[in-house]
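Listed below are the residues making up each chain.
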Amino acid sequence: MTAATTTHPLPLAITMGDPAGIGPEIIAKWAMGALAGNRHVQPFIVLGDMGALQRAAAMVGAPLQLRAVGDDLHGVHEALQQGALPVLQACTPLPADLPMGRVDARAGAAAHACVQRAIDLALAGRVAGIVTTPLHKEALRAAGVRHPGHTEMLAERAGTTDFAMMLANGELRVLLVSIHLSLRDAIAAVTPENELRAIRLAHRACRAYGIAQPRVAVAGLNPHAGEGGLFGHEDREVIAPAIAAARAEGMDATGPWPGDTVFMRARQGAFDIVVAQYHDQGLIPVKYLGVDQGVNITVGLPFVRTSVDHGTAFDIAGTGRADAASLGHAVQQAQAMAAHSVPTTATALPEFIFMLTRHDKTIDDALEQLPAVLAAGVRHIGFKDIGLPWAALQRLADAIRAGGAVSYLEVVSQDEASELASARAAMALGVDVLMGGTRPEAVLPLLRSTPIRYYPFAGQVVGHPSVLQGTVEDVVASARRIAALEGVHGLDLLAYRFAGDAADVPALIAAVCAAVGKPVVVAGSIDRAERIAAVAAGRAAGFTVGTAALDGTFEATGLGPHGLAGQLRAIQTGLHDAAVQA
């Protein structure tokens with residue numbers, strides 16, 4: 001493949017929605033503006049029916065050229081560069097006379113097929129996220145689809161029960177404890193477990209936007225948040241203890257606040273997000289500020305998903321009157337979240353994770369070096385849990401997040417007690433990813449209630465600095481076993497500390513990546529371009545470099561700054577060259 005197809009960011013997948021509704025129409029309107037003058041920032045591809053999208057473009061008078069793209073997504077970037085709309089035919093072709101504004105099983109089936117294809121691409125790590133346009137519940141039912149909407153089918157395919165709906169606009173972020181329940185059932189859903197889960201997800205959602213220390217406000221259930229028990233006991237006996245539990249985990253959660261004022265206070269900047277107790281409590285204030293401004297976000301998935309905050313609008317479908325503003329905001333929110341996302345699977349271009357470490361210890365001047373790392377465009381930055389005092393580690397973690405980067409803590413431990421202490425440190429520091437460690441069965445119970453993504457070591461890792469022992473077959477078997485554990489998001493492979501034959505390392509990387517369906521980050525002494533090339537060729541999701549760059553090991557060619565900046569540039573050049581060779 002060429003550099004043009006591997007060095008671009010991954011595209012966002014935009015689904016057509018119900019073709020009898022306004023989905024194709026708002027896509028055509030939005031794309032007309034996005035493609036004008038080649039102004040799009042994030043590449044994108046539309047998953048839908050070519051005919052329906054062509055008819056929508058003609059109906060709204062959009063002078064769009066549609067370009068068919070195959071399952072491999074080859075040609076997406078070329079189409080965009082030429083001002084064309086890339087379309088993946090993701091459903092059975094629809095008839096030209098499909099009636100607009102009516103429930104139709106064919107439309108429901110097509111919409112469902114497009115969402116399923118988008119999920120396939122997201123789980124495979126081939127798109128940066130999913131942006132959805134509206135489905136129609138009755139059309140889905142007519143097509144035999146049992147899910148009532150996007151959120152439920154996304155969560156089931158992702159294999160998670162720990163998810164929530166968040167609504168956001170330029171002034172408010174609101175996450176719901178329950179979604180589509182009757183008011184009676186929604187009140188019954190106010191349990192300690194559901195409250196704490198929602199607070200954790202709200203904290204995680206804000207961190208996905210790069211907010212280092214999210215301020216989570218929890219709305220009360222009853223008038224005046226129960227007024228000390230005068231108007232109901234749930235606020236005092238259920239919600240308040242859950243808030244206390246969240247604070248004990250290090251989250252800045254407060255409340256319960258009266259529902260009639262908490263949203264106003266959030267608009268004024270007192271909070272970063274509000275946890276609302278039920279559907280209408282949370283959606284009314286967001287939608288009152290403007291439906292066209294709102295974005296629906298599913299929190300808790302292993303990939304980014306945003307959506308317009310309106311329905312199929314059958315009453316105006318086919319008239320050209322639909323407003324594409326909400327879709328534009330949904331794309332913008334997806335772009336913002338994708339910029340802070342963690343690698344989820346192997347792609348043609350692995351992520352470069354710079355470690356502010358030397359010889360398995362965080363360097364003394366890590367905070368002073370960080371601005372140069374951020375200025376070089378590095379957006380995945382890690383450190384170890386030893387080498388600096390606690391207060392300095394906290395300042396470093398906060399600064400990484402404030403700089404818009406994804407934060408990683410890699411465990412250095414010799415026994416179970418120290419490994420558990422490292423996991424607790426990751427929780428307290430609020431990092432995005434915990435890497436390393438050899439005792440996942442002991443660590444997982446701690447992490448399951450947190451948004452932290454966990455990448456333990458594969459194989460037998462011993463000593464300090466750490467060494468990977470055993471044969472290639474041993475490491476692969478270990479990787480399969482650990483990757484199968486619930487709560488393990490990926491693997492940390494210490495390939496370039498492999499005690500076996502050095503010639504086996506590229507084969508080891510490729511074998512582990514092929515053996516597991518989760519992302520693999522390669523670590524160790526990656527100190528030259530050939531090793532970066534082996535990481536890319538082995539289909540790893542990412543790789544770490546620390547000591548080698550700090551010691552000036554990479555050959556920095558060409559003009560420009562030397563020192564650490566030159567080293568980071570050399571690594572990025574090596575990654576680009578590896579992609580070209582691939």
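Scroll up to find the structure this text is about.
Presented here is an overview of the structure given in this document. (Residues numbered from 1 in each chain as written. Predicted model: local features only at pLDDT ≥ 70, side-chain atom pairs only at ≥ 80, totals over all residues. Heavy atoms only, no water.)

1. What to know about helix α12 (residues 279-288)
- Listed as buried for α12 are Gln281, Gly282, Leu283, Pro285 and Val286.
- Contacts from the buried residues of α12 go to β6 (164-168), β7 (173-176), β8 (215-219), α11 (262-267) and β10 (273-276). (Buried < 20%, exposed > 50% of the residue type's maximum accessible area, 1.4 Å probe, protein only. Helix = DSSP H or I, 4+ residues; strand = E, 2+ residues; numbered from the N terminus. Contact = heavy atoms within 4.5 Å.)

2. Re the sheet that holds strand β11 (residues 295-299)
- Judged by pairing direction, the sheet is mixed, and its twelve strands sit side by side in the order β3-β4-β2-β1-β5-β12-β11-β6-β7-β10-β8-β9 without closing on themselves. Among the strands making up the open sheet, the edge pair consists of β3 (66-68) and β9 (252-257). In this sheet, adjacent strand axes meet at a mean angle of 25° when their direction is disregarded.
- Relative to β9, β8 is paired through four bridges, and the arrangement is parallel. Bridge pairing links Ala219 to Trp257 in β9.
- Each of β8 and β9 is contacted by helix α10 (residues 234-248), which is oriented at about 170° to β9, the strand it contacts most.
- Strands β6, β7, β8 and β10 of the sheet are contacted by α12, whose axis makes an angle of about 165° with β7. (Pairing = 2+ DSSP bridges. Axes fitted to C-alpha atoms, helices over the stretch in contact; angles between N-to-C directions.)

3. Structural notes on a negative patch on the surface
- On the surface, Glu473, Asp474, Asp501 and Asp504 cluster together into a negatively charged patch.
- Here Asp504 is to be found in the loop between β22 (491-496) and α19 (505-515). (Patch = residues over 30% accessible without salt bridge, like charges linked within 9 Å, V, L, I, M, F, W, Y side chains within 5 Å. Areas by Shrake-Rupley, 256 points an atom, 1.4 Å probe, with all protein chains shown as cover. Salt bridge = Lys/Arg side-chain N within 4 Å of Asp/Glu carboxyl O. Lys, Arg positive; Asp, Glu negative; His and termini not counted. Charge placed at Lys NZ, Arg CZ, Asp CG, Glu CD.)

4. Here we look at the packing of aromatic side chains
- One pass over the structure, following the stated rule, counts four aromatic pairs.
- Aromatic pair Trp257 and Phe271: ring centres 5.9 Å apart, planes at 40°, arrangement tilted. With a gap of 14 residues between them, Trp257 in strand β9 and Phe271 in the loop between α11 and β10 connect regions that are remote in the sequence.
- The exposure class of Trp257 is partly exposed, given its relative accessible area of 26%.
- A residue is classified by how much of its surface remains accessible, and Phe271, at 9% relative accessible area, is buried. (Phe/Tyr/Trp six-rings, centres within 6.5 Å; stacked < 30°, edge-to-face > 60°.)

5. Here we look at unusual backbone geometry
- Note that the residue after Gly255, namely Pro256, is joined by a cis bond; omega there is 0°.
- The phi dihedral of His359 is positive, around 50°, even though this residue is not glycine.
- The residue His359 is located in the loop between β14 (357-358) and β15 (361-362) in this model.

6. Some points on helix α3 (residues 50-59)
- Of the positions making up α3, those classed as buried are Met50, Gly51, Ala52, Leu53, Ala56 and Ala57.
- Residues of α3 that are buried in the fold lie against α2 (23-35), β2 (44-48), β3 and β4 (85-89).
- Phi turns positive, to about 70°, at Gly61, one or two residues after α3.

7. Comments concerning the side chain of Asp492
- As for its placement among the helices and strands, Asp492 is situated in strand β22.
- Lacking a salt bridge, the buried Asp492 has Lys384 as its closest oppositely charged neighbour, with an N-O distance of 6.6 Å.
- Separated by 3.3 Å, the side chain of Asp492 and the backbone nitrogen of Gly436 make a polar contact.
- Asp492 has contacts with Glu410, Met435, Gly436, Tyr455, Pro456, Phe457, Ala458, Val521 and Ala523, leaving out every residue within four places of it along the chain. (Polar contact = N/O pair within 3.5 Å; in protein donor to acceptor, adjacent residues only side chain to side chain.)

8. Points about the packing of helix α16 (residues 416-429) against helix α17 (residues 440-447)
- Where α16 contacts α17, the axes come no closer than 10 Å and their chain directions differ by 25°. With respect to α17, the axis of α16 lies roughly parallel. With respect to the hand of their crossing, α16 and α17 are arranged in right-handed fashion. For the pair formed by α16 and α17, the contact residues are Glu416, Glu419, Leu420, Ala423, Arg424 and Met427 on the first element and Ala442, Val443, Leu446 and Leu447 on the second. (Parallel < 35°, antiparallel > 145°, perpendicular 65-115°, else oblique. Left-handed = near helix turned anticlockwise from the far one by under 90°.)

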